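Here is how the chains run, residue by residue.
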Amino acid sequence: MLNEYHRGRTPNPDILCNKHIKFNHLYHYAIGTLGADALATGHYARTSQEDEEVFLQHYTQQPSGLFRNRFEVRNAVKLLQGADCLKDQTFFLSQIPQDALKKTLFPLGELTKDYVKKIAAEAGFHHVLKRKESMGICFIGERNFEKFILEYLEPQPGNLVSIEDGRIMGTHKGWFLFTLGQRARIGGQRDAWFVVDKDITTGDVFVAPSTNHGALFRDTIRTDRVHWITEEPPAELVQNGMMECYFRFQHQMPLVSCTLTLNQDGSVWVRLATPVRAPTPGQFAVFYKSDECLGSGKIVRLGPSMYTLQQGNQQNLATSVSAETEYNLKPTT
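Thresholds, definitions, all that
Think of each chain on its own: its residues are numbered from 1, step by step along the sequence as written. Restriction of local features to residues with pLDDT of at least 70 applies here, the model being predicted, together with a cutoff of 80 or more for giving and counting side-chain atom pairs; totals for whole chains, interfaces and linings are based on all residues. As a rule here, side-chain values come from all non-hydrogen atoms in the structure, and water together with hydrogens is ignored. Burial status follows relative accessibility: with a 1.4 Å probe on protein chains alone, a residue under 20% of its type maximum counts as buried, one over 50% as exposed, and anything between as partly exposed. A run of DSSP states H or I qualifies as a helix once it reaches four residues; a run of E qualifies as a strand once it reaches two. Both are numbered from the N-terminal end. Being paired, for any two strands, means DSSP has found at least two bridges between them. Definition of nonpolar core: a set of buried residues of the types Ala, Val, Leu, Ile, Met, Phe, Trp, Tyr and Cys, connected through side-chain atoms within 4.5 Å. Should any heavy atoms of two residues lie within 4.5 Å, those residues are considered in contact.

S.K.: So what exactly am I meant to see when it comes to the pairing of strand β5 (residues 158-162) here?
M.R.: Along a regular strand, successive side chains alternate from one face of the sheet to the other. For β5, the buried fraction is high: four of the five residues fall into the buried class. Summarising the sheet, β5 and strand β6 (residues 168-172) pair through four bridges and their orientation is antiparallel. Looking at the pairing, Gly 158 lines up with His 172 of β6. Where β5 folds back on β6, the antiparallel hairpin that results is connected by five residues, among which Gly 166 adopts a positive phi of roughly 80°. Sheet topology note: the β5/strand β9 (residues 204-208) ladder contains three bridges and is parallel.

S.K.: How should I be thinking about the nonpolar core in this particular structure?
M.R.: Note that soluble globular proteins tend to have their nonpolar side chains buried in a common cluster. Core analysis: the biggest nonpolar cluster contains 25 residues, and Ile 149, Phe 176, Ile 186, Val 195 and Val 207 have the highest contact counts within it. Counting residues per element, the ones that place at least two in this core are α7 (145-150), β8 (193-199) and β9. The element best represented in this core is β8, accounting for four residues. Once residues within four sequence positions are removed from consideration, Val 207 is found in contact with Leu 160, Val 161, Ser 162, Ile 163, Met 169, Ala 184, Ile 186, Trp 193, Phe 194, Val 195 and Val 196. Leu 16, Ile 96, Phe 106 and Cys 293 belong to the second largest nonpolar core, which has 22 residues in total.

S.K.: What should I look at first to understand the sheet that holds β9 in this one?
M.R.: Paired through their backbone hydrogen bonds, the strands of a sheet run either parallel or antiparallel. With mixed pairing, the five strands of this open sheet are ordered in space as β6-β5-β9-β8-β7. With one partner strand each, in any of the chains shown, β6 and β7 (183-184) form the two edges of the open sheet.

S.K.: Looking at this structure, I do not really get the pairing of strand β12 (residues 242-248). What am I missing?
M.R.: Relative to strand β13 (residues 256-262), β12 runs antiparallel, the two sharing six bridges. Across the sheet, residue Cys 245 finds its bridge partner in β13, namely Cys 258. As paired elements, β12 and strand β15 (residues 284-289) share three bridges and run antiparallel to each other. Bridged to Phe 247 within β15 is Phe 287.

S.K.: What's the story with the environment of Leu 79 in this structure? I'm lost.
M.R.: Note that Leu 79 resides in strand β3 (residues 79-81). Leu 79 gets classed as buried once you look at its relative accessible area, which sits at 0%. Expressed as a C-alpha distance, the spacing of Leu 79 and Leu 101, which sit 22 residues apart in the sequence, is 7.9 Å. With near-sequence residues (within four places) excluded, Leu 79 lies in contact with Ala 45, Arg 46, Thr 90, Leu 93, Leu 101, Phe 106, Ile 229, Asp 291, Glu 292 and Cys 293.

Coordinates in, geometry out; function isn't part of it.
Right, dumping it as structure tokens:
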């Protein structure tokens, strides 16, 4: 996680915790060592199998290699959104392995949060109802983020640079303390400035004078190799090389229609129907089809921003007008 921050990315610790700890080490310890029949968690999510089927699934040890048995009979279990759309947590489960999903129960998947609270109240768990929902970052909690990071990473001073004219607006202690879209607190500025890009080679953090500046919006991203919940890319994507589905990179952001293009290395290009604000390298692009969470891939590359495209169009237009004027001014013979 710290290495990702140092590389200028913004990881999602909650997704990584589920992938590496809860549905990996905890899962294998519970089933393999303790002999538990299944794993049950409080996530608001569902699967395509009935609860009774969970107990019929065979436990398999972690594979010793990258490749599974090609002759293995597979009945993949799908990850489905929870009944409570506002509390659905499939986003955070989008990297969990198929073998763990097969042996997991989600008792709250068919319930709404309000109904769960009602059950808790009737059972006398009033102290639970008074607790505030946890909003801290997994692994970090509710500690001050900057203080936490600077305990592990050495300060790397640099400049806050205006994306529009290259002016130095201020200084910072390290690019890893910023994520795209966040407000950059710059002393002496009346108006709010926001982080739109970072250059870890120079240490520059680029800022813009508006929360909806064009430099924050993009409609194209690329992921690393996608983790598909069912272990294989959807048949439509394999057959056609492209597929329409829905995308989000933040838990509660509205789903955005997109087109995926599959690359040979298993990564995908994502072309969004509408530009989204501040897609960020290190975050996960999570894909949906109907109520199914297909899986996710880490964002590793961004397409040009709307601001960059606009600047390019204006430059091309100016060049075209200049060429046409020059042509019209030439004397006729």
